[in-house]
Each structure stands twice: as structure tokens, then as C-alpha cells.
Amino acid sequence: MFAATVLTLYPEMFPGPLGLSLAGRALGDGRWSLEAVNIRDFAIDKHRTVDDTPAGGGAGMVLRADVLAAAIDSVSDNEPGGRPILAMTPRGKPLTQQRIRALAAGPGAILLCGRFEGFDERIFDGRDVEQVSIGDYVLSGGEMGALVLLDACIRLLPGVMGAPSSGDEESFESGLLEYPHYTRPQQWEGRTIPEVLRSGDHARIAAWRKAQAEADTRSRRPDLWERHVGARVQPPSGAQAKKDE
């Protein structure tokens, strides 16, 4: 079972939207578990202080490494192949569908949610913590990012989506954005469903969808298109090695 533990200053934010729809049903069915742990419980003074002023000066406050380490140690699996620990931070590596698939296939994850100006950098040296970002923007805290990451993982768990192939053609699965979709009514405000989708010709439909996915990716996400084209023209490792001989 996929086991999620969230270290946060606001445990009441969970499960939040993860208690609804597909994720909520899966949680109720026991397909995944969720524990929200209050970082403040690991403060070492009577005021339950979790932050302090930035070394060297500056605005805001920084989450203390000693408090964070105590919180992590209380839930860490402490064994090879255990759950990875991920810190939600805009300084992290961008989250990808490939990473989501790897996480969903594992035992779960421990998510560390930042607040204020962020984390004392020493926590990343002192503990095996992977820094993850959900986008090039700043939120009030890591909780929203944790919800996003967990939702992306949970929908991939066996039995959560209706059919095992439901996500096979979604955006990013093949390195492309997903093709556009249509449904009834056939005409709406003078706009008609493309004829090819009404043709019943599965080969034509597949070709149209592939062309649309490529065109949309090329125009909307040139970064994805460049990586996709690069992956297509990359020779097999054996062929490259033979070429280099």
C-alpha cells in the first residue's frame, strides 16, 4: 500500500481535497494511507518555536534544522528501499510524470512542507532529503505542493482509475501534450466536432490525434517538443557504441 506522511505546520489541511473524488474513495478503500504530523510537536522550547531569523540578516524567518530533523527522524523508515523524503520547495528539481510514476510504484513518500523563507540548508546535508518543485512560482507553503504531488501519485495506484489504460495517452506520458477532446452535442454555438472523430475510422482517428498532440506540443511547449524530438532521434545505446568504435 502507498503510505504518505506529511510533515507540516498545518496538519488540518490534510486530507483536504484528497478526501474527495478518486483519491478520497481510494483512501476509504485502504488503497493508500495518509498521516499528517505537526512539525511544531518537535520544538524544544516551551513556546514550541520552529523558526529563527536568517543568518546574515534579511527578511522573514527560516525553519530550524534541529526541529526538522527530529520530525523527519520520527517518521523515517530507516531502511534500504524505504520511503523517500521529499521537501516541497521552489528551489527543488521540477516534478515530472516520470518521477510521479516512480513514486507511485514505490512504498509511498514522506513530504516535508516548508513555510516562511524556507528550510535551513543543513537539513539537506544532514538527512537524505530530495528537493522538489511543482512549478516556477512561490506559494505560501509546501502544503499545496504536497497535495498536488500526492494526487498525481494516487491516481496511478492500481484500482484507483476505472481502467488500467485510462492514463496511457494523457499529457506527458509519451513526452507530448494530450490531443484535444470532444463530446456531444455534435454542434455547439456553430462549432462542430471534427469530421475525422465521427468517421469511425480508427486508423485515421489515431493519426489525427497524434498529429494534434505534436502540433499542440510544438506551439505551446517548445521545451517539451525539443526533448521529444531529441529522444526520437537518439540512437540505441548499442548502435551509438558501435558508431563510436
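In this text the structure is predicted, and so the values were computed from the model without any measurement.

Explanation requested: the environment of Cys113 in the structure shown.
Take Cys113: it is sitting in strand β6 (residues 108-113). Separated by 92 residues in the primary sequence, Cys113 and Ile205 have C-alpha atoms spaced 44 Å apart. When residues no more than four places from it in sequence are discounted, the contact partners of Cys113 are Val6, Leu7, Thr8, Ile39, Leu63, Phe119, Gly142, Glu143 and Ala146.

Would you explain the pairing of strand β1 (residues 2-8) in this entry?
In regular strands, side chains alternate between the two faces of the sheet. Most of β1 sits out of view: 6 of its 7 residues are buried. For β1 and strand β2 (residues 32-38), the ladder comprises 7 bridges, and the chain directions are parallel. When the sheet's bridge partners are listed, Thr8 is paired in β2 with Asn38. For the segment spanning β1, helix α1 (residues 21-28) and β2, crossover handedness is right-handed. In this sheet, β6 lies alongside β1 in parallel orientation, the contact comprising 5 bridges. Of the residues in β6, the one forming a bridge with Val6 is Leu111.

Just checking my understanding: could you explain helix α6 (residues 202-220) for this structure?
Counted at 1.5 Å a residue, the expected span for α6 with its 19 residues is 27 Å, and the 26 Å between its end C-alpha atoms agrees. Along α6, the residues classified as buried are Ile205, Trp208, Ala213, Glu214, Asp216 and Thr217. The N-terminus of α6 is capped by Asp201, whose side-chain oxygen sits 3.2 Å from the backbone nitrogen of Ala203.

What's the story with the pattern of salt bridges in this structure? I'm lost.
When their charged atoms lie close together, side chains carrying opposite charge are able to pair. Evaluation of the coordinates by the stated rule reveals 12 salt bridges. Put simply, Asp73 and Arg127 hold a salt bridge, and the shortest N to O gap is 2.8 Å. In this pair, Asp73 is assigned in helix α2 (residues 65-75) and Arg127 in the loop between α4 (122-126) and β7 (129-133), connecting sequence segments 54 residues apart. Judged by relative accessible area, which is 37%, Asp73 ranks as partly exposed. By relative accessible area, which is 29% here, Arg127 ends up partly exposed.

Looking at this structure, I do not really get the nonpolar core. What am I missing?
Within soluble globular proteins, side chains that are nonpolar tend to cluster in buried spots. One finds Trp32, Leu149, Leu150 and Ile154 to be the most contacted residues of the largest nonpolar core, which totals 28 residues. It is helix α5 (residues 143-154) that contributes the most residues to this core, 7 residues altogether. Ignoring anything within four residues of it in the chain, the contact list for Trp32 reads Met1, Phe2, Ala4, Leu18, Ala23, Ala26, Leu27, Ile154 and Leu157. Core analysis: the second largest hydrophobic core is formed by 20 residues, Val37, Ile72, Val75 and Phe119 among them.

Please explain the pairing of β6 as it appears in this structure.
The element β6 is largely enclosed, with a buried count of 6 among its 6 residues. Burial along β6 is two-sided: the residues Gly108, Ile110 and Leu112 and Ala109, Leu111 and Cys113 are all buried. In this structure, strand β5 (residues 85-94) lies alongside β6, joined through 4 bridges in parallel fashion. By the bridge assignment, Ile85 is partnered in β6 with Ile110.

Would you take a moment to explain the sheet that holds β2 for this structure?
In a beta sheet, neighbouring strands pair by backbone hydrogen bonds and run either parallel or antiparallel. The strand order across the open sheet built from 5 strands is β2-β1-β6-β5-β7, with neighbouring strands paired in parallel fashion. Across the chains shown, the open sheet's two edge strands, defined by having one partner strand only, are β2 and β7. Adjacent strand axes in the sheet meet at a mean angle of 35 degrees when their direction is disregarded.

Reading guide: rules and limits
- Residues numbered from 1 in each chain as written.
- Predicted model: local features only at pLDDT ≥ 70, side-chain atom pairs only at ≥ 80, totals over all residues.
- Heavy atoms only, no water.
- Helix = DSSP H or I, 4+ residues; strand = E, 2+ residues; numbered from the N terminus.
- Contact = heavy atoms within 4.5 Å.
- Buried < 20%, exposed > 50% of the residue type's maximum accessible area, 1.4 Å probe, protein only.
- Pairing = 2+ DSSP bridges.
- Right-handed = clockwise from strand over helix to strand, strands pointing away.
- Expected span 1.5 Å × (residues − 1).
- Polar contact = N/O pair within 3.5 Å; in protein donor to acceptor, adjacent residues only side chain to side chain.
- Salt bridge = Lys/Arg side-chain N within 4 Å of Asp/Glu carboxyl O.
- Core = buried A, V, L, I, M, F, W, Y, C linked by side-chain atoms within 4.5 Å.
- Axes fitted to C-alpha atoms, helices over the stretch in contact; angles between N-to-C directions.

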